[in-house]
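Chains, contacts and geometry: an overview
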Amino acid sequence: MAKLLGYIFVALIANELVVAAKMPNFVFLICDSMDGRVVDPTSPISQAMATPTFDKLAKNGVNFVNNYCPSPQCVPSRAAMFSGRFPHKTKAWSNGQGLCKTWSDTDPDKCTDQGTNKYWNTFDSILEKHGYTVNLIGKVDVGAGLGGGFHGEDAYAALTAWTRGANITHPQKQDPRNLVSNSSKLPKEGDWKTIEKCVEWLSTEAKKSEPYFLYCSVNIPHPNYQTNATWLAMVNETAVTVPKWLPWEEMHPADQYESASKALYYDGLEPFSNDDILNVRRAYYAMVSETDAMFGRVIDLVDLEDTNVIFTSDHGEGNMEHRQNWKNSMYDANNRVPLLMSGVGVTQDLMVHNATSNIDLYPTMLKWAGINDFSMDGLDGRDITPFFAAEPQQKMQPNYIVGEYHSNMANTGHFMVKKDNMKLIDFGRTPPFQDYKPQLFDLKADPEELNDISAANPSMVKEMQQLLTTRMGDIQAIDQEVKTQDKQRFRQWMGLHKENWPQMLQKAAYYGPGPTKWGTDADIKQITDWLNGTTTA
């Protein structure tokens, strides 16, 4: 408590966080691919592994247990989080394109820096403008020249996103069974080196850099599923279960495409046994425990009374639910992410069940820092500091959250809206996907999202679709815009590689397992039909 005397005044008054005089320090911890249910004590998933660091953070602050990412993929999610704007606004809607920082003096449409799209002021730049020392360590992955490189420099990230509308069902990934290693000597050595950089900076530079914003980012628990006996010992075997899979013919066609793209369904596939599935799931949960231990090294150096700490992830991980791994989907495993916040003015040991999104972090952090001279105009996030109080005086508006996805392993746009216990997943219906129907789930009655109740609840579907329109605009127009740009960019890429483009596409994108390699005459015809607008679903 004595540490708080360094602040002239910290309180929640009229639902506004007031921070005077001394600006608080921030430690922002972010990992990649963590299922948000891991830190939700009401979810059985939270019992699958030990997470003492995350438990400590939750005990010392607020646990937003219904928090979601803006888009379930690295670049679009992080770009939205950093800019406070939806992916369809930033145009950073796939791993192949991030935010642009520097535009050509002679060509207003040409980006001369990383990324391809308009650069929006990111929250770190606002903090820096107001006197913060900003240090970004580890994976940033938004473009805009922040933190070095990003996915857009990788041909795979772009090609599989640009050609998704061609409905190519050849695997883009390896069989998940081949991604598991339970005997890796140093499974995530690069991430441990990142953590040591964060620790060193806190130990040697933090005090003379106040107020500071330290961003510490690791890639774990992102696949591949590499672990060892040390971390497997942290897994509660009895809590690791085999998720139910719907029969193939009962799956939504969008899910069928995702399963095929992720090598969980293809000609010649050896069926997955329960042991196969459990082996993947255990390795993932072991990586979650290792992530917890990594961030524990950082938290050990942080005074939780006078430092604002945030922990989150860019997206979740399917981990074999719905016959999927990776992210790229609107199911809770894939797009629900942790959000733990502790520090100045925050009620301890508080669980918030209201739906929130990482897009809310932009205005929230600035308000938490005591910065009020920024404009909310154009921002899609909300200030969620009122939830720092045990009993907020007003409900957040709007009282629902939305998300979108327009990248590889999803052949059409995915849109999501969650309000209370209801979740709607809708799809871009640009041909040939005009017959894709929305899905509606009651998460309280059906947390595994296996029972689509849309047919029995048409009025609820319309109500939820209207919420999407209210918050995002015309989702079908958004889908069409993305797919038009996909074709434009793929045509440009074809022009660069001329007659060699089929071989280049196979090598860089559709290289997964199967009885035949992608690149047959029928495959090439599928691409040309798509470009000509004659693809069939």
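Check the entry above for the structure.
Residues numbered from 1 in each chain as written. Predicted model: local features only at pLDDT ≥ 70, side-chain atom pairs only at ≥ 80, totals over all residues. Heavy atoms only, no water.

**Focus on the nonpolar core**
Ranked by internal contacts, the top residues of the largest apolar core, which has 56 residues, are L29, L202, F295, V298 and F311. Counting residues per element, the ones that place at least two in this core are β3 (25-31), α1 (52-59), α6 (189-204), β8 (212-217), α9 (274-299) and β10 (307-313). The dominant element in this core, judged by the number of residues it contributes, is α9, at 13 residues. Not counting residues within four places of it along the chain, the set of residues in contact with F311 comprises L29, C31, M34, F54, L57, F295, P338, L339 and L340. (Core = buried A, V, L, I, M, F, W, Y, C linked by side-chain atoms within 4.5 Å. Buried < 20%, exposed > 50% of the residue type's maximum accessible area, 1.4 Å probe, protein only. Helix = DSSP H or I, 4+ residues; strand = E, 2+ residues; numbered from the N terminus. Contact = heavy atoms within 4.5 Å.)

**With respect to the state of the cysteines**
Inspection of the entire model under this criterion finds one disulfide. Sulfur-sulfur distance for the disulfide between C198 and C216 comes to 2.2 Å. As the torsion about the S-S bond is roughly 105°, the C198-C216 disulfide counts as right-handed. In this pair, C198 is assigned in helix α6 and C216 in strand β8, connecting sequence segments 18 residues apart. (Disulfide = S-S within 2.5 Å.)

**As for helix α11 (residues 361-368)**
Most of α11 is tucked away, with seven of its eight residues classed as buried. Taken as a whole, α11 has its buried residues at L361, Y362, P363, T364, M365, L366 and W368. Within two residues after α11, G370 carries a phi angle of roughly 85°, on the positive side.

**Brief notes about the pattern of salt bridges**
As enumerated under the stated definition, the model contains 27 salt bridges in all. Across the pair R164 and D486 runs a salt bridge whose closest N-O atoms are separated by 3.3 Å. Here R164 is found in the loop between α5 (155-162) and β7 (180-181), whereas its partner D486 is found in helix α13 (residues 475-497), with 322 residues between them in sequence. This pair shows no difference in class: R164 is buried, exactly as D486 is. Linking D332 and K423 is a salt bridge whose minimum nitrogen-to-oxygen distance equals 2.7 Å. Separated by 91 residues along the polypeptide, D332 in helix α10 (residues 332-335) and K423 in strand β16 (residues 422-427) bring together distant segments of the chain. The burial state of D332 is the same as that of K423; both residues are buried. Taken together, the salt bridges that share partners define one network made up of D32, R78, K139, D141 and D314. (Salt bridge = Lys/Arg side-chain N within 4 Å of Asp/Glu carboxyl O.)

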